[in-house]
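Breakdown of the fold
Each chain is listed here by its residues.
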Amino acid sequence: MNEIALITGASRPQGLGFAVARAFATRGHHVVLAGRDLGRTRALAAQLAGEGLPADAIRLDVTSSADIEACAGFLRTRFGRLDVLVNNASTMPDFTALSLLDADLAEVRAAYDVDVVGPLALVQACLPLLRAAPTARIVNVSSAAAGQLTAGTGGVRAPGHSLAKYALDALTTALAAELRESGIAVTGVDPGSVATHPERGDDADDRSPAEAALDVVQAATLSVGGPVLPA
């Protein structure tokens, strides 16, 4: 059986999640695309399947306990294990905010729910499936935005998003330590600035999703005890 890879936040054709799913599928993984919009996620999985790449789609809002349990149940029934979990789902509700002092606390909480609590809940739900795989890997997609919290340069753009990614980095480090003896490797990846939102205005020097996806795939091949947050 092919290795099984679950990628969250994979319902946008121009998004990093779909590019990651394609990258894993072309390397022989059976990918499960997960996203809040099941119609769009199914269409992307069908696109991969039409190219001869093994793919499934499920609805998954990482802030929903019911969705997370249903996702774990689908994986358990269909495959009996999970080889790669990519926590890619993210949100930036405060994209235009420029200071912690002006942060909308509702937006901060929303970012934490998606970027921190969601990944932890999904890891907990999928842990038996990860343990059932010969060499399981967890990859958390971070962001350079987290570095604003320690740069000391003043002003934090997208404060809720930045705080949540900073907390995700801490979660990644803690999970790597707790799971080291289990043989499950946990790593985090900052894919850099990626051209995934043309409607919002991407920069000319942004990386393509396909290029950034290769960093995520590489992280999934790191050995246990390797770097937690590769450059």
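The coordinates are above.
Residues numbered from 1 in each chain as written. Predicted model: local features only at pLDDT ≥ 70, side-chain atom pairs only at ≥ 80, totals over all residues. Heavy atoms only, no water.

1. Digging into the overall build of the chain
This is how it is decided: In DSSP terms, a helix is any run of H or I states spanning at least four residues, a strand is any run of E spanning at least two, and both are numbered starting from the N terminus. The cut-offs for exposure are 20% and 50% of the maximum accessible area for each residue type, with area from a 1.4 Å probe on protein chains only; residues under the lower value are buried, those over the upper are exposed, and the others partly exposed. Throughout, a contact is declared for two residues whenever any of their heavy atoms are within 4.5 Å. The accessible surface values rely on the Shrake-Rupley method and a 1.4 Å probe; as for residues, cover is taken only from the protein chains in view.
The secondary structure content of the chain amounts to seven helices and six strands. Counting all 231 residues of the chain, 50% fall into the buried class. Excluding contacts between residues fewer than 6 apart, the proportion of contacts in the chain whose partners are at least 24 apart in sequence is 75%. As presented, the chain carries roughly 10,500 Å² of accessible surface, and 53% of it is formed by carbon and sulfur atoms.

2. Re the nonpolar core
Using the following cut-off: Buried Ala, Val, Leu, Ile, Met, Phe, Trp, Tyr and Cys residues form a nonpolar core when they are joined through side-chain atoms within 4.5 Å.
Within the largest apolar cluster, 33 residues are counted, with the highest numbers of intra-cluster contacts made by Leu6, Leu75, Leu82, Leu85, Leu122, Leu130 and Ile138. Contributing elements (two or more residues each) for this core: β1 (4-7), β2 (30-35), α3 (65-78), α4 (105-131) and α6 (159-179). With eight residues, α4 is the single largest residue contributor to this core. The residues contacting Leu130, other than those within four sequence positions of it, are Leu82, Leu85, Ala136, Arg137, Ile138 and Ile184.

3. Structural notes on the sheet that holds strand β5 (residues 137-141)
As a reminder of what qualifies: Each pair of strands is called paired provided DSSP finds at least two bridges between the two strands. The axes used here are C-alpha line fits, helices contributing only the stretch in contact, and every angle between their N-to-C directions lies in the interval 0 to 180 degrees.
Strands sit in the order β3-β2-β1-β4-β5-β6 across an open sheet of six strands; the sheet is parallel. The strands lining the two open edges of the sheet, one partner per strand, are β3 (55-59) and β6 (185-189). With strand direction ignored, the average angle separating the axes of adjacent strands in the sheet is 15°. Running over the sheet, helix α2 (residues 38-50) touches β2 and β3 and is turned about 175° from β3. Its contacts with the sheet place α3 against β1, β2 and β3, and it is angled at close to 150° to β3.

4. With respect to the packing of aromatic side chains
Under the convention used in this document: Any Phe, Tyr or Trp ring, taking Trp's six-membered ring, that has another such ring centre within 6.5 Å forms a pair; planes under 30 degrees apart are called stacked, those over 60 apart edge-to-face, and the others tilted.
In the structure shown here, the tally under the stated rule is one aromatic pair. For the pair Phe74 and Phe79, a centre-to-centre distance of 6.2 Å together with 85° between the ring planes defines the contact as edge-to-face.

5. A word on the side chain of Asp61
Let me state the cut-off plainly: We count Lys and Arg on the positive side and Asp and Glu on the negative side, and we leave His and both chain ends out. We count a salt bridge whenever a side-chain nitrogen from Lys or Arg sits within 4 Å of a carboxyl oxygen from Asp or Glu.
Position of Asp61 relative to the elements: it lies in the loop between β3 and α3. Comment: no salt bridge for buried Asp61; closest opposite-charge side chain is Arg59, at 4.3 Å. Not counting the four nearest positions on each side in its chain, Asp61 is found in contact with Arg36 and Asp67.

6. Digging into the packing of helix α1 (residues 16-26) against α2
Axis angle and axis distance: for two packed helices, these are the angle between their axes and the distance between the axes, and together they describe the pair. Operational definition: Any angle from 65 to 115 degrees is called roughly perpendicular, while one under 35 is roughly parallel, one over 145 is roughly antiparallel, and all others are oblique. Each crossing is labelled by how the near helix is turned from the far one, with a counterclockwise turn of less than a right angle marking it left-handed and a clockwise turn marking it right-handed. Amino acids outside the nonpolar list (Ala, Val, Leu, Ile, Met, Phe, Trp, Tyr, Cys, Pro) and the charged list (Asp, Glu, Lys, Arg) are all regarded as polar, and Gly is one of them.
In the contact formed by α1 and α2, the axes pass within 11 Å of each other and the chain directions differ by 30°. In terms of axis orientation, α1 runs roughly parallel to α2. For the element pair α1 and α2, the recorded crossing hand is right-handed. Counting all contacts with α1, which are made through Phe18, Ala21 and Arg22, the residues of α2 involved are Leu44, Gln47 and Leu48. Split by residue class, the contact of α1 with α2 holds four nonpolar, one polar and one charged.

7. Quick word on the pairing of β1
Note the following rule: The handedness rule is simple: strands pointing away from the viewer, and a clockwise path from the first strand over the helix to the second, make the crossover right-handed.
Both faces of β1 are covered, namely the face carrying Ile4 and Leu6 and the face carrying Ala5 and Ile7. Inspection of the sheet shows β1 paired to β2 by four bridges, in the parallel sense. What sits directly across from Leu6, in β2, is Val32. Taken together, β1, α1 and β2 constitute a β-α-β crossover, and its handedness is right-handed. Of the strand pairs in this sheet, β1 and strand β4 (residues 84-87) are connected by three bridges, and their pairing is parallel. Its bridge partner being in β4, Ile7 is matched across the sheet by Val86.

8. Comments concerning the pattern of salt bridges
The final tally for this structure, using the stated rule, is eight salt bridges. A salt bridge links Asp215 to Arg207; its shortest N-O distance comes to 2.8 Å. The class for Asp215 is partly exposed, based on a relative accessible area of 24%. A network of salt bridges, in which partner residues are shared, links Arg207, Glu211 and Asp215.

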